[in-house]
Every structure is written in C-alpha cells, then in structure tokens.
Amino acid sequence: MTRRLTLALPSKGRLREPSWTLLEASGVDPQEPGERVLQSHCRNAAIDLLFVRADDVPEYVQDGIVDCGITGLDLVEERQCEVDVLLRLGFGKCSLQAAVSLEDDATELGDLHGRRIATSHPRIAAAALGERGVQADIVRVGGAVEISPRLGLADAIIDLVSTGSTLRTNGLRSIGTLFESEAVLVGRAGSEDVIGRRVLTTVLGSVTNARANRYLLFNVLREQLAEVTAILPTKGSPTVMDLATPGTVAVHALVPAADIWSLLPELEARGASSILTLPVERMLP
Ligand code: AMP
C-alpha cells in the first residue's frame, strides 16, 4: 500500500487562508474538513491534512506526528525545533521589530541595554540582542504585546510587524529589526526520502515561483530591440518572433512581478507597443 504524506496546515489565524489557497492552486484538490473536524485529505494526491495551530506545527513535524507542515519561520526559530525548511512560501511576510513609545529616547537596539522588554518571541529576542552585546530583561507575554508599555509592564516591545499600523495605533515607534519571517514549508529533519515530500516541495514551489513572476509580451521595431531587451529584468533570454509587418518583432519574457510597475513605462518610452502582462500558473526553473 502507498504510504500517504501527512501535512499540517494552520487551522486558524493569519496563515490559514493563504496556506489553503496555495494548496488549492497547486492542484492537489484539498478537501475542506467538516466543522470541528481536524483532519481531511486531498483528492488528487496521496496527502492527508491535519489542521493545527501554526504555533504547534514545528513540534508536530519535529516529533514525526506529520511529515510536513506550513508555519511561520519565526515560530520554527522561536520553538528551536529540529526541522528542515523546505521552501519559503512568499506570504505571511513580517519582521520581528523592537519598538518603544513615541516619547522614549531610544533610537537603536543598543539603547535597550538594561531595559525591560515584553515579547512573545523571547528566544529570538534574547539571541538577537545577545549577539549585539545588549543585556535586557525580557518578559514573555502571550499576546497583545503592543499594549505592554502603556500598562507599565515593559519599557519596550519586540513584536511581529508587517505594515506597522499596529505600532502606530499604539503610539509606538520601531527602533530596529531582529528577524525577518515568512510562511515556510517544513519537513522532519533528515527525512528527504519520505515519499511525496519532494513532489510536494516541487509542486508548491512551482506555484510560489509563478506568483512572483509575470509573462510579458510586447511588439517593437527590430531596430529598437537591443535597447528594449537591455532593460528587461529577465534571467533567461527573451523569445523574439518576427511579426507579419516587416521590421517588427514580438518579444515574450518572464519578469519579476515586483518590477512590472517601473518596467512598463520604460518599455513604452523605448517604443514598445501592445504591451501585455499575464499571470503565470506554474513555473519550474
Ligand atoms: P496567528 O497567530 O495564527 O495569526 O499566526 C501568526 C503568524 O503569522 C506569525 O507567527 C507570523 O509567522 C505570521 N505573521 C505575518 N504577519 C504578521 C503580523 N503582522 N503579526 C503577527 N504575525 C504575523
């Protein structure tokens, strides 16, 4: 009988929805679990799903309860779990930042020496501050870290920040970043040979790669071709095809989605026309 791969997914919180969407986009056809049911399966692949808190995923994977899991890199680091990080998933991006109240004098991490800091990431905080020779009194709090200074519980906080709006709302100001995080696929340490693990990594990777790129098409006069292709931020060589109109070519290239914003006006300024960008569904390098 084929051994089925078990995958732990966040059952709630910020990583739940994007993890599910990624799995759906991968084509394995995950089945929604029934209400208050913690297990499900995929229709198109030999994968069983277990829904647990993102915080618990590193331990579940480390202890072999499941083969793989999706969680935050900060949680893997904080729990100090022995797992292999198989893939960065490109969502759940945030950074662990130190912040003080607006009226505080501190301007950099070094200014936290000897001060009291509230965080739900005490291990990462202690390690990152220790590396910089900063000795601080770290208080572990489970949640609502950002109100700690106002409650008089701490002088500063170390907390996850994505947009910075929670800091602003609570009258706090960032004085430095200690760790960058995003959602990751993790597997049990040293279990590369688990059936299906490499396939899952490749398939999810093809989706995350694809999401980070756009397929770009445009037409240009052949005499403009060198100038236009010189500014394409593409890794490979673009495809160039003759059009029916003599002296005109169509160019196709894969470009990072993040560059599209600045690239399109640059192409237009160099004579490109009929510029199209299309989403990519899968991409294997
Ligand atoms: P949860 O507590 O279940 O909502 O999941 C929290 C996880 O989401 C964190 O451990 C991070 O990996 C990730 N995350 C992404 N952005 C943020 C943010 N702004 N605040 C807290 N967690 C975030």
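Residues numbered from 1 in each chain as written. Predicted model: local features only at pLDDT ≥ 70, side-chain atom pairs only at ≥ 80, totals over all residues. Heavy atoms only, no water.

Caption draft 1: Spotlight on the pattern of salt bridges. Summed over the entire model, instances satisfying the criterion amount to 15 salt bridges. Measuring nitrogen to oxygen at the nearest pair gives 4.0 Å for the salt bridge that ties Glu59 to Arg79. Of this pair, Glu59 sits in helix H2 (residues 57-62) while Arg79 sits in helix H3 (residues 73-79), placing them 20 residues apart in sequence. The exposure class of Glu59 is partly exposed, given its relative accessible area of 28%. In this structure Arg79 comes out as partly exposed when scored by relative accessible area, which is 22%. The salt bridge partner of Asp242 is Arg222, with a shortest N-O separation of 3.0 Å. Here Asp242 is found in strand S13 (residues 239-242), whereas its partner Arg222 is found in the loop between strand S12 (213-221) and helix H8 (225-230), with 20 residues between them in sequence. (Salt bridge = Lys/Arg side-chain N within 4 Å of Asp/Glu carboxyl O. Helix = DSSP H or I, 4+ residues; strand = E, 2+ residues; numbered from the N terminus. Buried < 20%, exposed > 50% of the residue type's maximum accessible area, 1.4 Å probe, protein only.)

Caption draft 2: Up close: the site of the ligand. Every residue lining the ligand is accounted for by Lys12, Gly13, Arg14, Leu15, Gly72, Asp74, Leu75, Gly92, Cys94, Leu160 and Ser162. Within the contact set of the ligand, an oxygen atom lies 2.6 Å away from a side-chain nitrogen or oxygen of Asp74. At 2.7 Å, a side-chain N or O of Ser162 approaches a nitrogen atom of the ligand. Relative to its free-state accessible area of 490 Å², the ligand is covered by the protein chains to the extent of 78%. (Near = heavy atom within 4 Å. Polar contact = N/O pair within 3.5 Å; in protein donor to acceptor, adjacent residues only side chain to side chain. Areas by Shrake-Rupley, 256 points an atom, 1.4 Å probe, with all protein chains shown as cover.)

Caption draft 3: Here's a closer look at the side chain of Gln97. Along the chain, the position of Gln97 falls in strand S6 (residues 94-101). Of note is the side chain of Gln97, whose polar atom sits 2.7 Å from the side chain of Ser174. In this structure Gln97 touches Ile157, Ile158, Asp159, Val161, Leu167, Ser174, Gly176, Thr177 and Leu178, once residues within four positions along its chain are discounted. (Contact = heavy atoms within 4.5 Å.)

Caption draft 4: Quick look at the packing of helix H1 (residues 16-25) against helix H7 (residues 197-211). Where H1 meets H7, the axes come as close as 9 Å, and the angle between the chain directions of the two elements is 105°. Classified by the angle between their axes, H1 and H7 sit roughly perpendicular to one another. Together, Thr21, Leu22, Leu23 and Ala25 of H1 and Leu204, Val207, Thr208 and Arg211 of H7 make up the contact between the two elements. Of the residues in the contact of H1 with H7, the class split is five nonpolar, two polar and one charged. (Axes fitted to C-alpha atoms, helices over the stretch in contact; angles between N-to-C directions. Parallel < 35°, antiparallel > 145°, perpendicular 65-115°, else oblique. Nonpolar A, V, L, I, M, F, W, Y, C, P; charged D, E, K, R; others polar.)

Caption draft 5: Representation of the sheet that holds strand S11 (residues 183-188). Strand order across the open sheet formed by six strands is S2-S3-S1-S4-S11-S5, with mixed pairing between neighbours. Strands with a single pairing partner mark the edges of an open sheet, and in this sheet they are strand S2 (39-41) and strand S5 (83-88). Neighbour to neighbour, the strand axes of the sheet diverge by 30° on average, direction disregarded. Pairing of S2 with strand S3 (residues 47-52), which is carried by three bridges, proceeds in the antiparallel orientation. Residue pairing across strands places Gln39 opposite Leu50, the latter belonging to S3. Across the sheet, H1 touches strand S1 (5-10), S3 and strand S4 (68-72), and the angle it forms with S1 is around 145°. With respect to the sheet, H7 is in contact with S1, S3, S4, S5 and S11, its orientation differing from that of S5 by roughly 30°. (Pairing = 2+ DSSP bridges.)

Caption draft 6: Representation of the sheet that holds strand S15 (residues 273-279). Taking strand neighbours across the sheet as the criterion, the four strands line up as S13-S14-S12-S15 in an open arrangement whose pairing is antiparallel. In the strand order of this sheet, the two ends are held by S13 and S15, each with one partner. Averaged over all adjacent pairs, the angle separating strand axes in this sheet is 20°, with direction ignored. Strand direction decides the pairing type here: S12 and strand S14 (residues 248-256), joined by nine bridges, are antiparallel. Within S14, the residue paired with Asn213 across the bridge is Pro256.

Caption draft 7: How the structure looks around the packing of aromatic side chains. For the structure on display, the rule yields one aromatic pair. Measuring from ring centre to ring centre gives 6.1 Å for Trp20 and Phe51, while their planes differ by 40°; the resulting arrangement is tilted. Of this pair, Trp20 sits in helix H1 while Phe51 is found in strand S3, placing the two residues 31 residues apart along the sequence. For the pair formed by Trp20 and Phe51, the shared burial category is buried. (Phe/Tyr/Trp six-rings, centres within 6.5 Å; stacked < 30°, edge-to-face > 60°.)

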